[in-house]
Number of protein chains: 4
Amino acid sequence: MIIQLLDTIRKEEQEAVITLMSSAGFTIQEVITRHARYLVCIGSNEFDIRKAGAMPGVKDVYRVSDSYKLVSGKWKQKTSPVRLSGDVLIGGKEISMIAGPCSIESEEQVTSIVRHLKDVGIKVMRGGVFKPRSSPYAFQGLGIEGLKMFYRICKEYGMHIITEVMEISQIEEMHDYVDIFQVGARNTQNFNLLRALGAVEKPVLIKRGISGTIDELLQSAEYIFSAGNEQLILCERGIRSFENAYRNTFDINAIPILKQKSHLPVIADPSHGIGIREHVPAIALAAIIAGADGVIYEVHEKPEEALSDGQQTLNFEESTLLNEKVNKLSKILSDV
Amino acid sequence: MIIQLLDTIRKEEQEAVITLMSSAGFTIQEVITRHARYLVCIGSNEFDIRKAGAMPGVKDVYRVSDSYKLVSGKWKQKTSPVRLSGDVLIGGKEISMIAGPCSIESEEQVTSIVRHLKDVGIKVMRGGVFKPRSSPYAFQGLGIEGLKMFYRICKEYGMHIITEVMEISQIEEMHDYVDIFQVGARNTQNFNLLRALGAVEKPVLIKRGISGTIDELLQSAEYIFSAGNEQLILCERGIRSFENAYRNTFDINAIPILKQKSHLPVIADPSHGIGIREHVPAIALAAIIAGADGVIYEVHEKPEEALSDGQQTLNFEESTLLNEKVNKLSKILSDV
Amino acid sequence: MIIQLLDTIRKEEQEAVITLMSSAGFTIQEVITRHARYLVCIGSNEFDIRKAGAMPGVKDVYRVSDSYKLVSGKWKQKTSPVRLSGDVLIGGKEISMIAGPCSIESEEQVTSIVRHLKDVGIKVMRGGVFKPRSSPYAFQGLGIEGLKMFYRICKEYGMHIITEVMEISQIEEMHDYVDIFQVGARNTQNFNLLRALGAVEKPVLIKRGISGTIDELLQSAEYIFSAGNEQLILCERGIRSFENAYRNTFDINAIPILKQKSHLPVIADPSHGIGIREHVPAIALAAIIAGADGVIYEVHEKPEEALSDGQQTLNFEESTLLNEKVNKLSKILSDV
Amino acid sequence: MIIQLLDTIRKEEQEAVITLMSSAGFTIQEVITRHARYLVCIGSNEFDIRKAGAMPGVKDVYRVSDSYKLVSGKWKQKTSPVRLSGDVLIGGKEISMIAGPCSIESEEQVTSIVRHLKDVGIKVMRGGVFKPRSSPYAFQGLGIEGLKMFYRICKEYGMHIITEVMEISQIEEMHDYVDIFQVGARNTQNFNLLRALGAVEKPVLIKRGISGTIDELLQSAEYIFSAGNEQLILCERGIRSFENAYRNTFDINAIPILKQKSHLPVIADPSHGIGIREHVPAIALAAIIAGADGVIYEVHEKPEEALSDGQQTLNFEESTLLNEKVNKLSKILSDV
C-alpha cells in the first residue's frame, strides 16, 4: 500500500498514520523524494484503506499488490516523464531518440557524432567511459578524463549526456558531467549502487539484467525510487536465450508489459537487443510501435573502426535513415 | 550447392552432371517439385561452379554454405509467395492477415467468426480440429467431422482454411478440406511428418519449435522442400524462456533474420507469442513493421467462453481495431 | 482421482461407479492396461472418496491433484519396475546399465559392441536405425533392415534391444525386433505416437523433450499409460540452455524430482546430457547417486569413426572403467 | 600467453622481456600476487615461446589460448588449494564441507549452528550479514554489527567464516572479521568489486552468475587474479532456466568442465542449486562424485523459522546425515 502524504503534513499527524498502520500489522518505510513524500506499507492485505485516507495530512492512499510499489502502474497510470534542461522530455508525447558510440574514444570521434546527432534532431548522446567488459584485458574505457572531454564537447553543442556508472565511488566524480546516469545490465541487481543513485538528483536509466525478469527490473527501479529518486527510465536491451543467430533476444513482449505494469518511461536498446547492425532499425521501429517511449542505439562515423561493438553500430547514413523512418512512424502513432 | 536443372534436361545430360559432382566428392540428392527440379549437392566447398553451370541441361548453379539449401536466401533473394485460389497471395505485397479460433467448436461459432473475418477483409481462417494438448484428459478437438463442417461453412463464404495436421495418416483424410496444412510447434522436428508433407501439393505453414533455433526451423522447412513441396510458410510463435510474465517470448529478432536467411514468407503468431489478449495487437504491429509478411491470430465471438486459449483470443471489436491499424500501417510500410 | 477396479468387477457395478462420479461433476476416462483397470476422474476436488471406495467392484481410490494421474507418485510410491524376459528388471534394486552406438552401422560394429557389453555385464543394448536428424541430408539410419540385423546378432548373444521409433507406421514393422521402444526428445510431445504406443505390449522409454518441462514429460507418459501401456521408463537427457560449453545441460535436479513425483523408473542419458566423451562417466555416476535407476550411454569400438555422435561416445576401455565404477558405487548406494 | 618471472628477476631483465613481447605485437599486463609475478601477454599467437623462455629472469612460459589466462588449467593442471589458518585446505585431498544459515539472525542462532557444525566436523561456516534481496522492503541482513557478533562466536569455537561482500566500501570494515570473502551471483560481473578484491590478501569464493556462462565465471575470476589475489574458489549454484519445478537448474556439467578448464577449487551450492530442502543431499552427493572439491549448503536449527531461504535449508538431523554420507562416499572416491 502507498500512502502519499501532503507536503504540509505535521510531525504528529505523520506519527498517527504510522501508528495506525503499524497496529494493523504493516511494516512502514518512509520515502521522501524531491517530488513528494510517501509511506510504503508492506504486509497484510486486509485493511480498509479509507481509514488511512481520512487521516489529516494524508493526500491519497493506493492499494498496490505488486512486489514493487512506487514504480507500479497501479497507483499512477500515466507515464511519469523525465525532464532534462531545455525542456527535453523522456516519456512525453514525442519519441525520444538517444544515440552515440559504445565507447568514447577521442575528441574527433565525439565531435563527429555530436554533429551528426544535431543534424538528425537528437538531443541526448550516449557514450561509455567506464566499460564493463567480460575480460580484464579488454579496453576498459577512457575513464573520468574521457567523460570531461565528452561533456565539454556536448555542452558546446547543447547536447545532453547519458553514460554508465559502474560503482558508487564514481557517482560523485561523474556527477557534474552527466545528465542521466545509466545502470548497465550487469549491475541491475547491484543493490548498493541502486540505493546510492536514489540519493542523486539526476535521472537514472536502468537496463534490464542479462537474464533479469520483468519483475526484477521493476523491483530494482523500486530500490532507487524508495531511496529518494523518482526520475527513472526503464530500458529493455534483450535477454539471454538458447538462440545463437544473434547476440541477445530482444524481448518485444516486455515493452507493452512494462508500460502496463509501471508508470516509468520505457526505452528500447535494439543495438544490444539484436546485435546485428543491419537489423537494428527493424527492431527499433518494432519497439516504438509496440509502445516504447524511445530508443537508445549505437552510432559511429566508422563502425568498422570502433573500439567496441562495431558489429551492432550504425553509420551516419543508416542512422539518418532510421530517424527519418521514426519521424514518419511518429505521425501515425496515435492512429496505430 | 544447388544446381537448378532445365525442365527439358535429358536423362543422359542429368547423369553427366551427377557424375561430375560425384567425382568432385559431393553427395547428390535429386529434388523434383511441382515448380522445378534441382540437384542438391552436399560436401566439399572447393569446386569451380562454372564447370557445372556450363553443362547441357543446367539452368543455373548457386553456392549455398548454409546447413539448409533450397530454402536459403542465398540462391533466391526475393520472397517466394504462396498462392491460394482466387489470387490470394501470402508473401506478396500485401500483409496477409489470418485469424480464427484456437479450436473449431460448433457451426454457430464458425459461422459467426467467418462473417467477422469477411467484414474485416480477411481471406484465410485458422481453426484447429486436431489439438495437441499436454494432457491426455484435455479437449482434443472435434476431429475430421469438425473439419468437414468447418470446410463447408468456409466455402459458402469463399474463405480459405488453414488447420493443423498432427500425424501422417491424417494427411489423406484432411486433404480435400484444407487449403494450407499447418505443422505445430511440437511437430517442427517430426521429420517423418515433414517428409510426408513434401509429397502434398498444398501449401504448408511450419511453426518454429517451442525452443527451436532459427536454423532448425529452416532445416525443417528444407525437409519438406527437398521432398517435393516448395509452397512453404515460416511462422514465428514465440520461444520458451525463463520469463513468466507472459506465455512465450515472441522472438521479434527472428522476423528480419528469417527474411534475410530464407526466401520463404514469414508469418507472426502474436497470440501464442505473448499469450495475453490485450497485448496481442502491439506484438502483431511490431512484427509487421519488422518485416513479417503477415499475422496469424486467434479471434472468437466470446473469448471468455472459448474451449481453449481464451486468455489470448481477441473479440470481434478488438480484431476489427487491429485490422484497421494494420491497414493504416500498411500504407506507410514502404516508407518505413 | 484414480479409482482402481477389481478385475472381477461386473458391468453393472462399473456403471454404478461411473454414474456416481459423473453426477459428482467428474469427467471419467476408463483405462485398461495389461496389469489393471482404472477409472481416471478429472474435475472438482470436493468429493468424499470413501463414497467411491465403498462401492462393489472398487479395489481402491486415490486422490491425485497433479495434472498427470496414473504416472503420479501420489497413488503408487514404490517404483514400478519394467520387466524384460530373462528376469531383467529396470527400476529394480540393481542399477540398469544400457549402452550401444548412436547408430547401427554394420554387422561388424554390432558384433563387437555386443561382445563388449556381455563382457561388462550389460543386458540391454541401444542403437538407432531410424535417426531423427536436423538436416534432411544427414545420415538417416539403416532402417528396418538394419534393425533385423541388429536383432539377429543380439539374440545370438541373449542381449535385449532398445531402439527409437519415430512414426506410428513403424511400430508394427519394428515390433518383433524390439524389446523396448524409445521415444526420442523431438517426439516427446508427438501425442499420436504416444497414444499408439499405449496399445503396444512392450515397454516404452520416453525421453524428456529438448526444452520439455518435468511436468510435460510426466503428462506425455500419462498419454501412453492412459492408452493402456503401464510399462514405462522416463529418461532425462539434458535440456537446452544458454550455455555453449557443452551440448545440453544435464538436469541433475530432474532425477530426484522425477523419482518423487512419479512411480516410473528413471534413467539418465549422460552422453546427450553433456555431449563430451571424457565427462560422460562423471555425469553417469552423479545421476546414479542422485537416485537414477540406470544409465543409457553411447559406446563404440572406435568412436572417432562412428557415423554419428562420436564426440560423446565412449570406447570399450572407457566403458569398462565406467561399469567398474558403477559396480563399486552400487555397493555403498544404500548407505549414501 | 603467461610468462612466469623469477622472484629475483632484475628490473632491466624484466624490461627486456617486455620489450621482446611488445615488439612481437603483444599487449602486456604485469601481475604481482602474494605468491608469484607474471606477465600476461595478450595478442597474436604466432610466436616461438622458447625465445621468451630463454631470457634471464624468466621462470617459465605457457601458451594459453583461452579468453582467461591465469585461472586456466592450461598452464597449471593440479588444483591450487586455498589455505586457511589451522591447516584447513579447500581444494586439497579432502572434501570441504561449508555450511550455515542463509542469514545471520542472532547470537542464539549462530551458537546453535556453530555447535552443530563442530559436531559434524565442519570447519567453515557461512552466513550472510549483507543480503542481496530483489525487493528493497525485504530483510537486508544485520550488517557489520551482525558480522562482529558472528565472528566473535565463531572464533570461540575455532570456526572459519565465509560471508558475502556486496560493495567495495564494505571490504575494509569486514576485513578483520572474515576468513573468505564471498561474491554473490548478482555481483559476478561487478568488475570494480572484483578488482578491489584482487588487492585483498584473503581468499575469495566467486559464485557463478544467475545466467552466467562458464567462460564468464572464469573471466571474472581472472579479474581478481590479475589484480593480485590468487586465492580463489569457484562456486556452481545453479543457473536460470525455463523449468519451474525447482528454484534454479543446478548445472552438474559445470563441475567436471570447471575442474578441467581451471586449476581453481570448485565448490557446489546445492541449496540454491535446487532450492528444495529434501533434495539438497542428492545434489550435494552428485556434485562430489562429479568432481567438486566441496559443498556449501544452508543449515538452521529450525528451517521453518529462518528469516530467509527456509525452504532450502536443512535441519541438524538432515545435515548430520548428509555429512555421514559424504564421509562414506569420500572413502571410495579415488575408486570411482
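All of the points below concern the structure found in this document. Here the structure is a predicted model, which means the values were calculated and not measured.

## Thoughts on the relation of the copies chain C and chain B
After a rotation of 180 degrees and a shift along the axis of 0.0 Å, chain C superposes on chain B with an RMSD of 0.0 Å. One copy is carried onto the other by what is essentially a two-fold rotation axis. Taking C-alpha positions as the reference, the residue of chain C nearest the rotation axis is Ser211 of chain C, at 3.0 Å. With an isologous cut-off of 70% or more, the 100% of interface residues of chain C that recur at the interface of chain B puts this contact in the isologous class.

## Regarding the nonpolar core
With 353 residues, the main nonpolar core has Leu197 of chain A, Leu197 of chain B, Leu197 of chain C together with Leu197 of chain D as its most contacted residues. Dropping the residues within four chain positions of it, Leu197 of chain A is found in contact with Val165, Ile171, Phe181, Val183, Val204, Ile224 and Asn229 of chain A.

## What about the pairing of strand β9 (residues 160–164) of chain A?
Residues and elements named next belong to chain A. Of all five residues in β9, five are buried; the element is thus mostly enclosed. Side chains of β9 alternate between two faces, with His160, Ile162 and Glu164 and Ile161 and Thr163 buried alike. The sheet contact formed by strand β8 (residues 124–126) and β9 spans three bridges and is parallel. In the sheet register, Val124 faces β9, and the bridge partner there is His160.

## Concerning the sheet that holds strand β12 (residues 232–236) of chain B
Residue and element names in this part refer to chain B. Taking strand neighbours around the barrel as the criterion, the eight strands line up as β7-β8-β9-β10-β11-β12-β13-β14 in a closed arrangement whose pairing is parallel. For this sheet, the mean angle separating the axes of adjacent strands, direction not counted, is 25 degrees. Here three bridges tie strand β9 (residues 160–164) to strand β10 (residues 180–183), and the two strands are oriented parallel to one another. From the neighbouring strand, Glu164 faces β10, where its bridge partner is Gln182.

## A closer look at a negative patch on the surface
A cluster of acidic side chains, namely Glu172, Glu173, Asp176 and Glu201 of chain A, defines a negative patch on the protein surface. Here Asp176 of chain A falls in the exposed class, since its relative accessible area comes to 51%.

## Some words on the environment of Ile2 of chain C
Residue and element names in this part refer to chain C. Along the chain, Ile2 turns up in strand β1 (residues 2–5). Its relative accessible area of 0% is what places Ile2 among the buried residues. Along the sequence, Ile2 and Ala199 sit 197 residues apart, while their C-alpha atoms lie 20 Å from each other. Sequence-distant contacts of Ile2, that is, excluding residues within four places in its chain, are made with Tyr38, Leu39, Asp60, Val61, Tyr62, Val64, Lys69, Leu70 and Trp75.

## A word on the packing of aromatic side chains
By the definition in use, this model includes 24 aromatic pairs over all chains. With a centroid separation of 4.5 Å and an interplanar angle of 20 degrees, the aromatic rings of Phe191 of chain B and Tyr223 of chain B are classed as stacked. Taken together, the positions of Phe191 of chain B in helix α6 (residues 191–197) and Tyr223 of chain B in helix α7 (residues 214–226) put the pair 32 residues apart, joining distant regions of the chain. For Tyr223 of chain B, a relative accessible area of 1% translates into the label buried. Pairwise contacts between aromatic rings join Tyr38, Tyr62, Trp75 and Phe225 of chain A into one cluster.

## Digging into the sheet that holds strand β1 (residues 2–5) of chain A
Two orientations exist for strands paired in a sheet by backbone hydrogen bonds: parallel and antiparallel. Residues and elements named next belong to chain A. As summarised here, the arrangement of the four strands in space is β2-β3-β1-β4, forming an open sheet in which the pairing is antiparallel. Here the strands that pair on one side only, and so sit at the sheet edges, are β2 (27–32) and β4 (58–62). In this sheet, adjacent strand axes meet at a mean angle of 20 degrees when their direction is disregarded. Pairing geometry for β1 and β4, over four bridges, is antiparallel. In the strand pairing of β4, Ile2 is matched with Tyr62. Running at roughly 15 degrees to strand β3 (residues 37–42), helix α1 (residues 11–23) makes contact with β1, β2, β3 and β4 of the sheet.

## Observations concerning helix α8 (residues 254–261) of chain D
Listed in full, the buried residues belonging to α8 of chain D are Ala254, Ile255, Pro256, Ile257 and Leu258 of chain D. Looking at the packing, one finds that the buried side of α8 of chain D touches α9 (270–274) and α10 (280–289) of chain C together with α7 (214–226), β12 (232–236), β13 (266–268) and α10 (280–289) of chain D.

## Topic: the interface of chain C and chain B
Tallying the contact residues gives 34 residues for chain C and 34 residues for chain B. Taken together, both faces of the contact between chain C and chain B bury some 2,800 Å²; the carbon and sulfur share is 48%. If you look at where chain C meets chain B, you find two salt bridges. The tally of links from chain C across to chain B stands at 19 residue pairs in polar contact (both at pLDDT 80 or more). For the side of chain C that touches chain B, the class distribution of residues is eleven nonpolar, 15 polar and eight charged.

## Remarks on the side chain of Ser241 of chain D
Residues and elements named next belong to chain D. Within the secondary structure, Ser241 sits in the loop between β12 and α8. With relative accessibility at 14%, the residue Ser241 sits in the buried group. A distance of 3.1 Å separates a polar atom in the side chain of Ser241 from the backbone nitrogen of Glu243. Separated by 2.7 Å, the side chains of Ser241 and Thr249 make a polar contact.

The rules behind these values
Numbers given to residues run from 1 along each chain, matching the order in which its sequence is written. Chains carry letters from A onward and ligands carry numbers from 1 onward, assigned in written order. A pLDDT threshold of at least 70 governs which residues receive local features in this predicted model, and a stricter bar of 80 or more applies before side-chain atom pairs are shown or counted, although totals over entire chains, interfaces and linings include all residues. Excluding hydrogens and water, the side-chain values take into account all heavy atoms of the structure. For this overlay, a least-squares fit was computed on C-alpha atoms, restricted to residues scoring pLDDT of at least 70 in both copies. Contacts were defined at the residue level, with two residues in contact if any of their heavy atoms lie within 4.5 Å. Buried residues of nine kinds, namely Ala, Val, Leu, Ile, Met, Phe, Trp, Tyr and Cys, make up a nonpolar core once their side-chain atoms join them within 4.5 Å. Think of it in three bands: residues with accessible area under 20% of the maximum for their type are buried, residues over 50% are exposed, and the middle band is partly exposed, with areas taken using a 1.4 Å probe on protein chains only. Strands here mean DSSP runs of E at least two residues long; helices mean DSSP runs of H or I at least four residues long; both are numbered from the N terminus. Strand pairing is assigned whenever DSSP detects at least two bridges linking the two strands. Angles here are taken between N-to-C directions and fall from 0 to 180 degrees, while the axes themselves are lines fitted to C-alpha atoms, restricted in helices to the stretch in contact. Patches in this entry comprise residues that are over 30% relatively accessible and not in a salt bridge; like charges within 9 Å are linked, as are nonpolar side chains (Val, Leu, Ile, Met, Phe, Trp, Tyr) within 5 Å. Note on areas: Shrake-Rupley, 1.4 Å probe, and residue coverage restricted to the protein chains presented here. Counted as salt bridges are all cases of a side-chain nitrogen of Lys or Arg within 4 Å of a carboxyl oxygen of Asp or Glu. In this tally Asp and Glu are treated as negative and Lys and Arg as positive; neither His nor the chain ends contributes. For the purpose of locating charges, the reference atoms are NZ of Lys, CZ of Arg, CG of Asp and CD of Glu. Between 30 and 60 degrees the pair is tilted, below 30 it is stacked and above 60 it is edge-to-face, where a pair is any two Phe, Tyr or Trp rings, Trp via its six-membered ring, whose centres lie within 6.5 Å. Put simply, buried area is how much 1.4 Å-probe accessible surface two parts lose in total, over both of them, once they are put together. N or O atoms within 3.5 Å of each other form a polar contact, as long as, within protein, one can give a hydrogen and the other can take it, and as long as residues adjacent in sequence are counted only when both atoms are side-chain atoms. Gly counts as polar in this scheme, as do all residues outside two lists: the nonpolar Ala, Val, Leu, Ile, Met, Phe, Trp, Tyr, Cys and Pro, and the charged Asp, Glu, Lys and Arg.

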